[in-house]
Amino acid sequence: MRKLPEIPNGTLIGNYQVGAELGRGGIAIVYEAINTKAPEQGALALKVAYRNNENRDKRFIREFERLRVMALPGVVRVHDAGTTEDLIWYVMDQIAGQPMSRALAAAPNLDERIAIALEAGAQIFEILAGIHRLGFIHRDIKPSNILIGENNETHVLDFGLVRLQERGDTLT
């Protein structure tokens, strides 16, 4: 399997200048980014993967397209997408915070961990309800795909496995 794309700080991809790494998953790395044509957009995140094969590239773009129609609180807003000869990428808002798994691990005691889990859980249910109302199923909810923001707002991340529920399907 091909390694993840290590992009040097300062590299331009499209109109976006790459900054520090924010995180990585199985097929992509997320970097800080600034839109050089519209720096007033503020802190952005650039998700980058190698173009591997047609099916995986389609899944990556499908993730962007599905995020674009999910204009919901708790779902990251996306702005732009593109390809180069070797890379496929999209740009989204950068959300300050930490993964739920890290927030729970950093809690000083069990009561605090329970409080974080209950507050985040209630917000996760609201976010997922909104996603489901649009006909989507996330399929990859886990603490590492939940971001707890600086003001304890919760965000669901990683929409790579999202499916559009077919009319007439039932969840069992």
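Everything numeric here is computed off the predicted structure, so don't read it as measured data.

Here is what the cut-offs are and how they apply
Residues numbered from 1 in each chain as written. Predicted model: local features only at pLDDT ≥ 70, side-chain atom pairs only at ≥ 80, totals over all residues. Heavy atoms only, no water. Helix = DSSP H or I, 4+ residues; strand = E, 2+ residues; numbered from the N terminus. Rg over C-alpha atoms; globule rule 2.2 N^0.38 Å. Buried < 20%, exposed > 50% of the residue type's maximum accessible area, 1.4 Å probe, protein only. 1 Å grid on protein atoms, 1.4 Å probe; cavity = no way out; pocket = protein on both sides within 12 Å on 5 of 7 lines; lining within 4 Å. Points joined across faces, edges and corners; volume = space filled by probe spheres on them. Nonpolar A, V, L, I, M, F, W, Y, C, P; charged D, E, K, R; others polar. Pairing = 2+ DSSP bridges. Contact = heavy atoms within 4.5 Å. Axes fitted to C-alpha atoms, helices over the stretch in contact; angles between N-to-C directions. Expected span 1.5 Å × (residues − 1). Polar contact = N/O pair within 3.5 Å; in protein donor to acceptor, adjacent residues only side chain to side chain.

A short note on the overall build of the protein chain
- Counting its secondary structure elements, the protein chain contains three helices and eleven strands.
- Shown N-terminal to C-terminal, the secondary structure of the protein chain runs as helices and strands in the order β-β-β-β-α-β-β-β-α-α-β-β-β-β.
- Since a compact globule built from 172 residues should have a radius of gyration of about 16 Å, the 17 Å found for the protein chain is in line with a globular shape.
- When the backbone C-alpha atoms are referred to their principal axes, the protein chain occupies close to 50 × 45 × 35 Å.
- For the protein chain, with 172 residues in total, the buried portion stands at 38%.

Things to note about the layout of surface pockets
- If you add up the space inside the largest pocket, you get close to 1000 Å³.
- V30, K47, N145, L157 and D158 are the residues nearest the centre of the largest pocket, which is lined by 37 residues in total.
- At the level of elements, β2 (16-24), β4 (44-50), α1 (54-69), β6 (87-93), β7 (97-99) and β9 (146-149) are the ones that each hand at least two residues to the lining of the largest pocket.
- In terms of residue count, α1 provides more of the lining of the largest pocket than any other element does, five residues in total.
- Residue classes in the lining of the largest pocket are distributed as 18 nonpolar, nine polar and ten charged.
- Here the second largest pocket defines a volume of roughly 180 Å³.
- Lining the second largest pocket are Q98, A103, A106, E112, A115, I116, E119, A120, I148, G149, N152 and T154.
- Secondary-structure elements contributing two or more residues to the lining of the second largest pocket are α2 (100-106), α3 (110-133) and β9.
- Of the residues forming the lining of the second largest pocket, the biggest block, five residues, is contributed by α3.

Quick look at the sheet that holds β4
- Read from one edge to the other, the open sheet built from six strands follows the order β1-β2-β3-β4-β6-β5, with strand pairing classed as antiparallel. Two strands close off the open sheet at either side, each with one partner strand: β1 (12-13) and β5 (78-83).
- Bridge count for β5 against β6 is five bridges, and the pairing is antiparallel. Bridged to T83 within β6 is I88.
- Across the face of the sheet, α1 comes into contact with β4, β5 and β6 while running at roughly 15° to β6.

Focus: the side chain of H155
- With respect to the element layout, H155 can be found in strand β10 (residues 154-156).
- Residue classification places H155 among the buried positions, given a relative accessible area of 14%.
- Once you skip the residues sitting within four places of it in the chain, H155 turns out to touch G74, I95, I127, N145, I146 and L147.

Observations concerning α3
- Taking 1.5 Å as the rise per residue, α3 with 24 residues should run 34 Å; its terminal C-alpha atoms sit 34 Å apart, in good agreement.
- Tucked into the core, α3 has its buried residues touching α2, β8 (136-137), β9 and β10.
- Its side-chain oxygen 3.1 Å from the backbone nitrogen of D111, N109 forms the N-cap of α3.
- Trailing α3 by a residue or two, G135 shows a phi angle of about 95°, which is positive.

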